[in-house]
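# Fold and contact review
The primary structure of each chain is shown beneath.
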Amino acid sequence: MKRILLVALLLSAAAANAQFAFPSKDESWKKKYRAFATKTNDLVHTKLQAKFDYQKSQLLGKAWLTLKPHFYATSVVELDAKGMDINAVEIVRAGKSIALSYTYNDSMNLKINLDKEYKANENYTIYIDYVAKPDELVVQGSAAIKDAKGLYFINPKGEEKDKPTQIWTQGETEATSVWVPTIDKPNQKSTQEFYLTVPTKYVSLSNGKLISQTKNNDGTRTDYWKMDLPHAPYLFFIGVGDYAVIKDSYKGKEVNYYVEKNYEKVAKKIFGLTPEMMKFFSEKVTGVEYPWNKYSQIVGKDYVSGAMENTTATLHQESAQQNARELTDGNGWETTIAHELFHQWFGDYVTAESWSNLTVNESFANYSEYLWLEYKYGADAAGEENYTAMRDYMSRGNNSKKDLVRFYYSDKEDMFDLVSYQKGGRVLNMLRNYVGDSAFFKSLNRYLTDNKFGNGSAHKLRLAFETVTGKDLNWFFNQWYFSSGHPKLDISNSYDATTGKLNLQVKQTQDGDKVYKLPVAVDIYFAGKKDVIRKNIWIENKTDSFSFDVAAKPDLVRFDGDNVLLADKKETKNIDEYTIQYKQAGKYLDRKEAIDFSNKNKKDNGSIALLTLALNDKYYNLKIKAINALDGETLDATTIAQIEKIATQDAKKTVRAAALDFLNNLKDKKYINLFTNATKDSSYTVAGTALEALMNVDENAALQLLPELKKDMKGRLKDAVAKIDILNKSDKDFDEMSKKFGSLNPMEKFNDFDNYTFYISRLTNIETFKKGIDDLISFRNLVAPFGQGLKENINKEISSIKKKKEAQRASSTNASVIDEQIKYIDEKLKD
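The notes below deal with the structure included here.

Cut-off values and rules
Residues numbered from 1 in each chain as written. Predicted model: local features only at pLDDT ≥ 70, side-chain atom pairs only at ≥ 80, totals over all residues. Heavy atoms only, no water. Pairing = 2+ DSSP bridges. Helix = DSSP H or I, 4+ residues; strand = E, 2+ residues; numbered from the N terminus. Axes fitted to C-alpha atoms, helices over the stretch in contact; angles between N-to-C directions. Core = buried A, V, L, I, M, F, W, Y, C linked by side-chain atoms within 4.5 Å. Buried < 20%, exposed > 50% of the residue type's maximum accessible area, 1.4 Å probe, protein only. Contact = heavy atoms within 4.5 Å. Phe/Tyr/Trp six-rings, centres within 6.5 Å; stacked < 30°, edge-to-face > 60°. Salt bridge = Lys/Arg side-chain N within 4 Å of Asp/Glu carboxyl O. Expected span 1.5 Å × (residues − 1). Parallel < 35°, antiparallel > 145°, perpendicular 65-115°, else oblique. Nonpolar A, V, L, I, M, F, W, Y, C, P; charged D, E, K, R; others polar. Polar contact = N/O pair within 3.5 Å; in protein donor to acceptor, adjacent residues only side chain to side chain.

Overall, antiparallel pairing links the 3 strands, which are arranged β26-β25-β28 in an open sheet. Each edge of the sheet is formed by a strand with only one pairing partner; in this case those strands are β26 (533-539) and β28 (556-559). Averaged over all adjacent pairs, the angle separating strand axes in this sheet is 25 degrees, with direction ignored. For strand β25 (residues 518-525) and β28, the ladder comprises 4 bridges, and the chain directions are antiparallel. Note on β28: the bridge partner recorded for Asp523 is Arg558.

See below:
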């Protein structure tokens, strides 16, 4: 599952549901060991006949479950069946059905008394006639999944205009049992046959292959889907709706994309790299050919998560659907497509034996994003992914208290977090760096091969790596998988001219007695020399000291030369060292750190020169960072001309938008024609940036463009149009504007925050102004606990209102009111 994290992964996904859940004070879970589910009976096969009642949002089901005792003989089977009406429970023997007694007192667990005692490997088939009623079931979701009712009817009666009617399911973690009785545990595996009766105007999708379609006399059609290979119940899937189905292929296997019909023409631009990804993951990464007989991807309206790796039938949220103009900025869903596809190996082919071991599903899927970017777009794109994921994990302090493999947790849903995803991906990157590429990928193959169609765990992963490498890796797994936190390192170096020694000292400063064992590469650079001297060292003590013979004083000592270490590193370097780092070390993080240092230390001689140099950086996002860092600086005509050229000619639309933002802040009317022309760009980002820039130099010109631009607007263009509409708003509209802002959920407020702040900055009445500032402060206080830097960022935006008021004061005829507004902002920012 690809968890979509809000506000640069600083907020939990509960924000999108307008519900912020604070941690429970009940800590009894800390004493409850979460073992894998005991296997009394094994699922063997699941046959389902399903009809759908759109008026009641119910599934009318008939299920035949073939099971067998796992080892010990048994006369009882317990099934998960959540919130159902059970009409009949029978055992099928020799073509005859015999009613069985059962208990279903809690409407969650169906306990069936079998007709006899069955022995190990003795199959039996249970028939259950039932009605699934998901909308009547009260369940709790998680940070990754907004709720867990399993089966979702979207606009079933067609009452919502312009909203499609769809059905889709979401099984993870244990919600498949809302719509089909099963043993809803990740360590169960079953083949399946689904007969889905749907309106003829709709298409259906399920696991495996579509074997046949039979038209019925009542305006429906029965689609027969068959899955010959076993997979876990949480991966069972049903999708129904009015979709366009775009066909693709990979080595003769079906690859299909199910999208809403108005996205039919761009479906391959969104999903079209899938066959190449399948080839890459099969041949270059796992050494295991894509194991299933087809691969389809479908988009679900109002989906409760980001995406879900149902075997052969991945479900994506509607954000995956981007039109041609949005795609000019790049496919924002590409790494999610890779993430879910990689689950077909890590999660579906080999499935975590328990939620405690979720890392062998999600850490691999997270790391697949890095692998794909590295292969398709190069080291810089992968380096950015690695840095961003590491930063996101470290952004929440409580993450350092959680083991990667967690046998103690409050709820299984808690496992879907930045530790299982982002930290786990970084741990895999360190493991790859330590054992080497060849051994790493051969170990993945061994793990998958040894456990195919079965279950995996961190222990099994370790054994696979040890088998391939011949190395004892208990130290690595104990440190990173079965423990919490990460090292904090204080790094310093000095040169002794007398002895010709470079002295390096590394202190581990993390709390407690834990000491990490870390293999680290140290790179030594001399200005102007291409060759780098690499020293490989081991950090194993609270304080480690090293000495290296060098010919002269190094110009740069780069600790962790491969930029793989999951650690909070503290070291002191000056602009000269960072300049060498930018020019000669050259990896993504090397250059990013140099740009960041220069941005924070612009008064240092050489900082502006480094930022100017970075305007030519080969990686577009670092070029954007350089442009943003130079914003507000007094630059020479040559540099400004370079940024002007970037604004009109750069190959990346997002870089052009950043350059337009820079020119916008110059507030120079000479750019009116440039801005006006850019509003016609195919990119919403470029057009929106240009429109806002035009507003700042010629409000009337911007207003005149609105009727045409409103015909097709999304993203930044939509935001810019909304901001310019505010030019027609005043104090008398405050109640309407405040009510609108207050009605938004937290994520929507983040999206609207800039525009609402802009509106507040234009208010002249002191009472409405104060109420508006109070709205902003209330929102700040709501979200501040959910991420480092959120409060500071919002305060910065509020401070921008103060700066505007200070600028207005000089020409205002009512300076006393502005003074009172400024004073009120100062008071609120102190809170």
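Picking up after the structure, the text goes on.
Here we come to the nonpolar core. Residues Phe281, Tyr481 and Phe559 are the most contacted members of the largest nonpolar core, which totals 88 residues. Setting aside anything within four residues of it in sequence, one finds Phe281 in contact with Thr286, Gly287, Ala338, Leu341, Phe342, Trp345, Ser368 and Trp372. Counting residues in hydrophobic clusters, the runner-up holds 77 residues, among them Leu373, Leu589, Leu611 and Met737.

Taken as a whole and assessed by the stated rule, the structure comprises 53 aromatic pairs. Look at Tyr152 and Trp168: their rings are 4.4 Å apart centre to centre, the planes differ by 20 degrees, and that puts the pair in the stacked class. Placement of Tyr152 in strand β9 (residues 151-154) and of Trp168 in strand β10 (residues 166-169) is noted, with a sequence separation of 16 residues between them. Tyr152 gets classed as buried once you look at its relative accessible area, which sits at 4%. Consider the rings of Tyr349 and Phe453, whose centres lie 4.9 Å apart with planes at 75 degrees: the pair is edge-to-face.

Tallied over the entire structure, the rule returns 55 salt bridges. The partner of Arg462 in a salt bridge is Glu466, with the nearest N and O atoms 2.9 Å apart. Here Glu466 and Arg462 lie together in helix α10 (residues 458-469), a separation of 4 residues that amounts to about one turn. No difference in accessibility class separates Arg462 from Glu466, as the two residues are buried. Beyond isolated ion pairs, a larger network of salt bridges with shared partners links Asp661, Glu692, Arg716, Lys723 and Asp754.

We now examine the pairing of strand β23 (residues 488-496). Inspection of the sheet shows β23 paired to strand β29 (residues 568-571) by 4 bridges, in the parallel sense. Bridged to Leu489 within β29 is Lys569. Bridge count for β23 against strand β24 (residues 501-508) is 8 bridges, and the pairing is antiparallel. Bridge pairing in β24 links Asp496 to Lys501. In sequence, β23 turns back onto β24 through a hairpin of 4 residues, with Gly500 there showing a positive phi of about 70 degrees.

Compared with the 21 Å implied by 1.5 Å per residue over 15 residues, the 21 Å span of helix α26 (residues 815-829) between its first and last C-alpha is a close match. On its buried face, α26 is in contact with α24 (766-783) and α25 (790-809).

Looking along the chain, the bond that leaves Glu172 and enters Thr173 is cis, with omega of 10 degrees. Inspection of the secondary structure assignment puts Thr173 in the loop between β10 and β11 (190-199). The phi torsion at Asn155 lies on the positive side, around 45 degrees, for a residue other than glycine. Given the relative accessible area of 6%, Asn155 is considered buried. The residue Thr312 is not glycine, and still its phi comes out positive at about 65 degrees. Residue position: Thr312 is located in the loop between β19 (307-308) and β20 (313-317).

The subject of this paragraph is the sheet that holds β9. In space, the 4 strands of this open sheet follow the order β9-β10-β15-β12, with antiparallel pairing throughout. In this open sheet, the two strands that pair with only one neighbour each are β9 and β12 (203-206). Sheet twist, expressed as the average angle between the axes of neighbouring strands with direction ignored, equals 15 degrees. Direction of pairing for β9 relative to β10: antiparallel, over a ladder of 4 bridges. Considered in β10, the bridge of Ile154 is made with Gln166.

Bringing the packing of helix α22 (residues 734-743) against α24 into the picture now. Contact pair α22 / α24: the axes reach a minimum separation of 11 Å and the direction vectors enclose 5 degrees. Taken together, α22 and α24 sit at an angle that is classed as roughly parallel. Each of Phe734, Ser738 and Phe741 in α22 lies in contact with α24, whose residues at this interface are Thr768, Lys771, Gly772 and Asp775. Of the residues belonging to the contact of α22 with α24, the class tally is 2 nonpolar, 3 polar and 2 charged.

Here we come to the side chain of Gln170. Structurally, Gln170 is set in the loop between β10 and β11. Taking the relative accessible area as the measure of exposure, Gln170 reaches 1% and is therefore buried. Only 3.1 Å separates the side chain of Gln170 from the backbone oxygen of Glu172, close enough to count as a polar contact.

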